[in-house]
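# Structural features, examined
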Amino acid sequence: MNGLRDLIATVNGKVNDFVWGLPMLVLLVGTGILMTVLTKGFQLIYFKCWMDNTVGAIFKNKHVTAHTGKEDRSISQFQSLCTALAATIGTGNIAGVAAAIAAGGPGSIFWMWIVAIFGMMTNYSENVLGIYYRRKNTAGEWSGGAMYYLRDGLGSFKGCRQVGKILALLFSVFCIFASFGIGNMGQINSIATNMRAVFSIPNWVAGIFLMVVAALVVVGGLKRIAAVTEKLVPVMALLYVLGALVSVVWNYQSILPAFASIFKGAFAVKAVGGGIVGSGVKAAVTWGMKRGVFSNEAGLGSSVMVHSSSNVKEPVAQGMWGIFEVFADTLVVCTLTALVVLTSGLVDLNTGAVLTSMEKTAMVAEAFSLHFGSFGSAFIAIAILLFAFSTVLGWSHYGTKAFEYLFGTRAAMGYKVFFVLFVIVGATMQLDLAWDLSDTFNGLMAIPNLIGVVALSGMVRKITRNYIDRRLHGRDIEPMYSAFPEVQKEQEKTVNP
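Residues numbered from 1 in each chain as written. Predicted model: local features only at pLDDT ≥ 70, side-chain atom pairs only at ≥ 80, totals over all residues. Heavy atoms only, no water.

What follows deals with the overall build of the chain. Helix and strand content of the chain: 23 helices and two strands. Across the 497 residues of the chain, 59% fall into the buried class. Contacts in the chain between residues far apart in sequence, at least 24 positions, make up 80% of those at least 6 positions apart. Of the roughly 19,500 Å² of accessible surface on the chain, 67% is carried by carbon and sulfur atoms. (Helix = DSSP H or I, 4+ residues; strand = E, 2+ residues; numbered from the N terminus. Buried < 20%, exposed > 50% of the residue type's maximum accessible area, 1.4 Å probe, protein only. Contact = heavy atoms within 4.5 Å. Areas by Shrake-Rupley, 256 points an atom, 1.4 Å probe, with all protein chains shown as cover.)

Put into structure tokens, the structure is as follows:
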């Protein structure tokens, strides 16, 4: 058995090195740069526009947060954001940031920001395409995602029909495997491990409890998941942000040196003593980009599957929620986590050397404990519980949609039951290999998705231009709601934005 495990680990290591090597990082960032250029810097030039139409609209547009009726199988724009954030704001925002600093130095945070800035447009493009190519399934629910714009978008190009279908199939298979790893067992294991360490709760007890709660939510379908996440996500994010702000302000004198170490480490600038800050440019770039993508999932094509279930009709309107998703996840939450660690004294800001044996989650917990004592460790344990479990809920929907694409709507219930049963497995097993496999399947998901985004980049530009001309410049032209005439006509009759 150990021999098989070692073989799998060896093969996965080779595949992982390729999947997360320089070509993938170039493809990820390059796609974001391409979409930034084609949309003329939409995430920067129209900053006020997408902020007003996302977080600003929550307080002034009732339609954004209004629940849909029982007969309507779609969810609100705010629910789609919360469900997407539930999946993206997870252990990567805590453990992932600490791991990036430990392995790549403070400079890795700078490259995490770069990935996020361009990743905003990758996520935007995915969601624009998700809405534009979505269809309704036999249950009356919207079904959208990379598999649909690969099959119906890329597949509509001359000579690309089979290519689109094959890439859509591969994306769905990779998504299902990733959902059991990063989206289930890895997250649950993090929760169980922290609960045992901080509260002495046995792993199996935590596993059974989480399995029961997951069953009550996941089996109920997207509307129940959305109903939970729209309450859970704002509370957990607000509590964590407030706790992190208190910790950073407590060490206010280290804030500027922390930012200096980030910029110096990003380009391997020499410190006062002559040494290099951090682990060098290559390590900073690799770990910053890798953990950045792991955190916000821009380019993976994952959150598109829940954004496509929104009751919105404008592809660009949902695309803007994709921009805000990356902004909130990486530029806000991950940055605060980084500052908590860097201002705590656990990292030498002159050399980038980690001054504690703790890494990942424990490193952040130690930083909080310096100010809040034992409450700090408990706070992080609760944060991991909320962040990780919400990720499980979000990924359960992603896996369901991928399974539905391959085997039909009725078969999706079988996936949900199987997914819930794996919660107890995740809580009670050693999952180092599962995390490594999850990382690989994440990367494998990104390959067909990014091929689709790049191939359909011209369509994203047209849809964006159409929206800007109509909604911002007041021009009387035909809207671009859907690639399918019947759906286009249906959407033209609705009053939703």
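Moving on, there is more to tell.
The next thing to look at is the pattern of salt bridges. Summed over the entire model, instances satisfying the criterion amount to nine salt bridges. Residue R465 is joined to D469 by a salt bridge in which the shortest nitrogen-to-oxygen separation is 3.4 Å. Separated by four residues within a single helix, R465 and D469 lie in helix α22 (residues 457-472), roughly one turn from each other. Assessed through its relative accessible area of 11%, D469 is described here as buried. Salt-bridge contacts for D469 lead to R475; the nearest nitrogen and oxygen are separated by 3.2 Å. Linked by salt bridges that have partners in common, E314, R470 and R471 make up one network. (Salt bridge = Lys/Arg side-chain N within 4 Å of Asp/Glu carboxyl O.)

Here the focus is the packing of aromatic side chains. Counted according to the given criterion, the structure contains 28 aromatic pairs. Centre to centre, the rings of W113 and F263 are 6.0 Å apart; their planes meet at 55°, and the pair counts as tilted. Taken together, the residues W113 in helix α9 (residues 107-132) and F263 in helix α14 (residues 255-266) connect sequence positions 150 residues apart. A relative accessible area of 13% places W113 in the buried class. Its relative accessible area of 40% is what places F263 among the partly exposed residues. Aromatic side chains F180 and F419 sit 5.8 Å apart centroid to centroid with 50° between the ring planes, which places their arrangement in the tilted category. One end of the pair, F180, is in helix α11 (residues 161-199); the other, F419, is in helix α20 (residues 412-428), with 239 residues separating them in the sequence. Residue F180 is classed as buried on the basis of its relative accessible area, which comes to 12%. Taken together through their ring pairs, the aromatic side chains of F180, F403, F407, Y415, F418, F419 and F422 make up a single cluster. (Phe/Tyr/Trp six-rings, centres within 6.5 Å; stacked < 30°, edge-to-face > 60°.)

Below, the discussion takes up the nonpolar core. Counting 133 residues, the largest nonpolar core has F42 and Y240 as the members making the most contacts within it. Here the element with the most residues in this core is helix α19 (residues 374-407); it accounts for 15 residues. Beyond its immediate stretch of four places on either side in the chain, Y240 contacts N93, I94, V333, T337, V364, F368, F379, I380, A383 and F387. (Core = buried A, V, L, I, M, F, W, Y, C linked by side-chain atoms within 4.5 Å.)

When the terminal C-alpha atoms of α14 are compared, their 17 Å separation across twelve residues agrees well with the 16 Å that a helix rising 1.5 Å per residue should span. Among all positions of α14, only A258, S261, I262, G265 and A266 are buried. Looking down the long axis of α14, one finds its buried residues gathered within 125° of arc, a one-sided arrangement. A positive backbone phi angle near 55° is found at A268, which sits one or two residues after α14. (Expected span 1.5 Å × (residues − 1). Arc of directions from axis to C-beta.)

Let us now look at empty space enclosed by the protein. Counting across every chain of the model gives two cavities of 30 Å³ or more. Size it by volume and the largest cavity reaches roughly 80 Å³. Looking at the largest cavity, the residues that line it are L28, V29, G32, I114, V115, F118, G119, T122, V293, A298 and G299. Elements with a minimum of two residues in the lining of the largest cavity: α2 (22-38) and α9. Top contributing element to the lining of the largest cavity by residue count: α9, with five residues. (1 Å grid on protein atoms, 1.4 Å probe; cavity = no way out; pocket = protein on both sides within 12 Å on 5 of 7 lines; lining within 4 Å. Points joined across faces, edges and corners; volume = space filled by probe spheres on them.)

Okay, unusual backbone geometry next. Peptide bonds are, in most cases, trans, and in most cases residues other than glycine have a negative phi. We note that K40 has phi near 55°; this positive angle belongs to a residue other than glycine. Mapped onto the elements of the fold, K40 is located in the loop between α2 and α3 (42-45). You will see that S200, though not glycine, has its phi angle at about 60°, which is positive. We classify S200 as exposed; its relative accessible area is 60%.

α14 packs onto α9 with a crossing angle of 80° between their chain directions and a minimal axis gap of 6 Å. By the angle between their directions, the pair α9 and α14 is classed as roughly perpendicular. Contacts between α9 and α14 involve G107, I109, F110, W111 and W113 from the former and F259, S261, I262, F263, G265 and A266 from the latter. Taken together, the residues of the contact of α9 with α14 break down into eight nonpolar, three polar and no charged. (Axes fitted to C-alpha atoms, helices over the stretch in contact; angles between N-to-C directions. Parallel < 35°, antiparallel > 145°, perpendicular 65-115°, else oblique. Nonpolar A, V, L, I, M, F, W, Y, C, P; charged D, E, K, R; others polar.)

A few words now on α2. Across its 17 residues, α2 extends 24 Å between first and last C-alpha, which sits within 8% of the 24 Å expected from 1.5 Å per residue. Along α2, the positions that sit buried rather than exposed are M24, L25, L28, V29, T31, G32, M35 and T36. K40, located one to two residues past α2, shows a positive phi value of around 55°.

Axis separation between α2 and α22 bottoms out at 10 Å; the angle between their running directions is 35°. Handedness of the crossing formed by α2 with α22: right-handed. Across the interface between the two elements, L34, M35 and L38 from α2 touch S457, V460 and R461 from α22. Of the residues that constitute the contact of α2 with α22, the class distribution is four nonpolar, one polar and one charged. (Left-handed = near helix turned anticlockwise from the far one by under 90°.)

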